[in-house]
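Structural features, examined
Residues per chain are reported as follows:
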Amino acid sequence: MSILLFELAGDMAMWRNVYESMGSYSSLGPAPGNLAGLIGAALGFASPRSQAAAGQDWKQLKALDRKGFPWPVSSELLSWERENDFHVGCRWTGGRPRRLPWNVNGKKKLKSAKTLRIQQQVIESPRYEVAVRLSAPEALRVAEALLTPAFPLCLGASFCRAVVCNVRVAESLTDSPDWAFRADSAVAGESVPFSRHIVNADQCFERIRSDGYWIYPTPDQPGVIAAEPLVRGWVTEPEA
């Protein structure tokens with residue numbers, strides 16, 4: 001197996017934490033599910049409901065709607081994660097984190113003309129290094145896709161465009177205390193819900209499992225050298 005490494009940066013990032021009650025407050029970095037989605041966008045894996053999808057199965061989509069599953073993850077992406085046993089690591093390389101307000105007008109309901117002020121806190125000048133464990137041929141294929149992505153790459157929200165650089169393939173991962181690590185409960189520091197795609201979503205009608213937290217070390221909250229910094233980025237329901 002090889003390690004695909006690449007740097008991820010941009011002007012701002014918005015990794016929404018759905019458990020944050022006070023508006024849209026960005027986590028410092030992506031969860032494993034976010035990173036899977038970014039790679040899926042590079043490879044051209046479209047959600048069945050998106051405009052880029054080919055041959056939409058409307059009967060299937062209506063069935064998913066009835067199950068309360070309105071926006072399914074690309075089945076190609078879910079298969080890719082399972083077939084390649086997607087394992088990923090991420091570390092923050094942007095120095096001391098900085099957030100800034102990015103408030104916009106939005107709509108609570110699409111059919112309503114009324115607008116409301118959406119309070120957002122985005123990450124300023126985000127920088128990350130991402131590591132993915134793949135077979136050598138697949139690592140090269142994904143590396144090429146990241147440099148010439150099929151769809152635009154974003155740092156969470158679509159208004160936060162991503163820049164990918166320094167893409168390379170290594171034989172192993174250098175030990176570092178900076179890699180994000182999993183914790184069962186919230187600890188001091190920058191944390192994001194440990195969210196992963198459920199790859200058998202068509203059976204359980206759930207897209208994401210969030211169990212525990214992914215903690216991002218920073219200069220003010222250093223981490224530790226983990227025995228295995230790469231985590232499995234997908235899950236089955238119920239867990240196999």
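Treat the numbers as computed from the prediction; the structure is a model and nothing was measured.

**Description of the environment of R232**
Tracing the chain through its elements places R232 in strand β15 (residues 231–232). Separated by 146 residues in sequence, R232 and F86 have C-alpha atoms that sit 6.0 Å apart.

**Looking at the packing of helix α1 (residues 32–43) against helix α4 (residues 136–147)**
One can describe the packing of α1 onto α4 by two numbers: an axis separation of 8 Å at closest approach and a directional angle of 80°. Between α1 and α4, the angle is such that the two are roughly perpendicular. Between α1 and α4, the contacting residues are L38, I39, A42 and L43 on the first element and R141, V142, A145 and L146 on the second. A breakdown of the residues in the contact of α1 with α4 according to their chemical character gives seven nonpolar, no polar and one charged.

**Here we look at the sheet that holds strand β5 (residues 87–92)**
Reading across the sheet, the five strands line up as β11-β1-β10-β5-β15 and stay open at both edges, with antiparallel pairing between neighbours. Taken across any chain shown, the strands that pair with only one partner, and hence form the sheet edges, are β11 (163–170) and β15. In the sheet, strand β1 (residues 2–9) pairs with strand β10 (residues 127–134) via eight bridges, with the strands oriented antiparallel. Bridging from a neighbouring strand, L4 pairs with V132 of β10. Strands in contact with α4 are β1, β10 and β11; relative to β1, the strand with the most contacts, it is inclined by about 15°.

**Some thoughts on the pairing of β5**
Of all six residues making up β5, six are buried, and the element is well covered by its neighbours. Of the two faces of β5, both are covered, the one formed by H87, G89 and R91 as well as the one formed by V88, C90 and W92. With two bridges joining them, β5 and β15 adopt antiparallel strand pairing. Following the sheet pairing, V88 is matched in β15 by V231. Bridge count for β5 against β10 is six bridges, and the pairing is antiparallel.

**Structural notes on the nonpolar core**
The biggest cluster of nonpolar side chains holds 51 residues, and the ones touching the most others in it are L4, F6, L8, W80, V132, L146 and W214. The biggest single contributor to this core is α1, with seven residues. Excluding anything up to four places from it in sequence, V132 contacts S2, I3, L4, F6, I39, F86, H87 and V88. Core analysis: the next-biggest nonpolar cluster, separate from the first, contains five residues, I3, L5, A131 and L230 among them.

**Here we look at the packing of aromatic side chains**
One pass over the full model with this rule turns up five aromatic pairs. Note on F194 and W214: the rings are 6.2 Å apart at their centroids and 65° apart in plane angle, and the pair reads as edge-to-face. Here W214 lies in strand β14 (residues 208–216) and F194 lies in strand β13 (residues 190–198), a separation of 20 residues in the sequence. An identical accessibility class is assigned to F194 and W214; each is buried.

**Some points on the packing of α1 against helix α3 (residues 75–83)**
Axis separation between α1 and α3 bottoms out at 10 Å; the angle between their running directions is 115°. Relative to α3, α1 is oriented roughly perpendicular. The handedness of the crossing between α1 and α3 comes out as right-handed. Mapping the contact onto sequence places A36, G37, I39, G40 and L43 in α1 and L77, W80 and E81 in α3. Tallied by class, residues from the contact of α1 with α3 come to five nonpolar, two polar and one charged.

**A few points about the sheet that holds β14**
Read from one edge of the open sheet, four strands run β12-β14-β13-β16, paired in mixed fashion. Looking along the sheet, the strands with just one partner apiece sit at the ends: β12 (181–183) and β16 (234–235). Packing against the sheet, α1 makes contact with β13 and β14, and its axis sits at approximately 60° to β13. Running at roughly 100° to β13, α3 makes contact with β13 and β16 of the sheet.

The rules behind these values
Residues numbered from 1 in each chain as written. Predicted model: local features only at pLDDT ≥ 70, side-chain atom pairs only at ≥ 80, totals over all residues. Heavy atoms only, no water. Helix = DSSP H or I, 4+ residues; strand = E, 2+ residues; numbered from the N terminus. Axes fitted to C-alpha atoms, helices over the stretch in contact; angles between N-to-C directions. Parallel < 35°, antiparallel > 145°, perpendicular 65-115°, else oblique. Contact = heavy atoms within 4.5 Å. Nonpolar A, V, L, I, M, F, W, Y, C, P; charged D, E, K, R; others polar. Pairing = 2+ DSSP bridges. Buried < 20%, exposed > 50% of the residue type's maximum accessible area, 1.4 Å probe, protein only. Core = buried A, V, L, I, M, F, W, Y, C linked by side-chain atoms within 4.5 Å. Phe/Tyr/Trp six-rings, centres within 6.5 Å; stacked < 30°, edge-to-face > 60°. Left-handed = near helix turned anticlockwise from the far one by under 90°.

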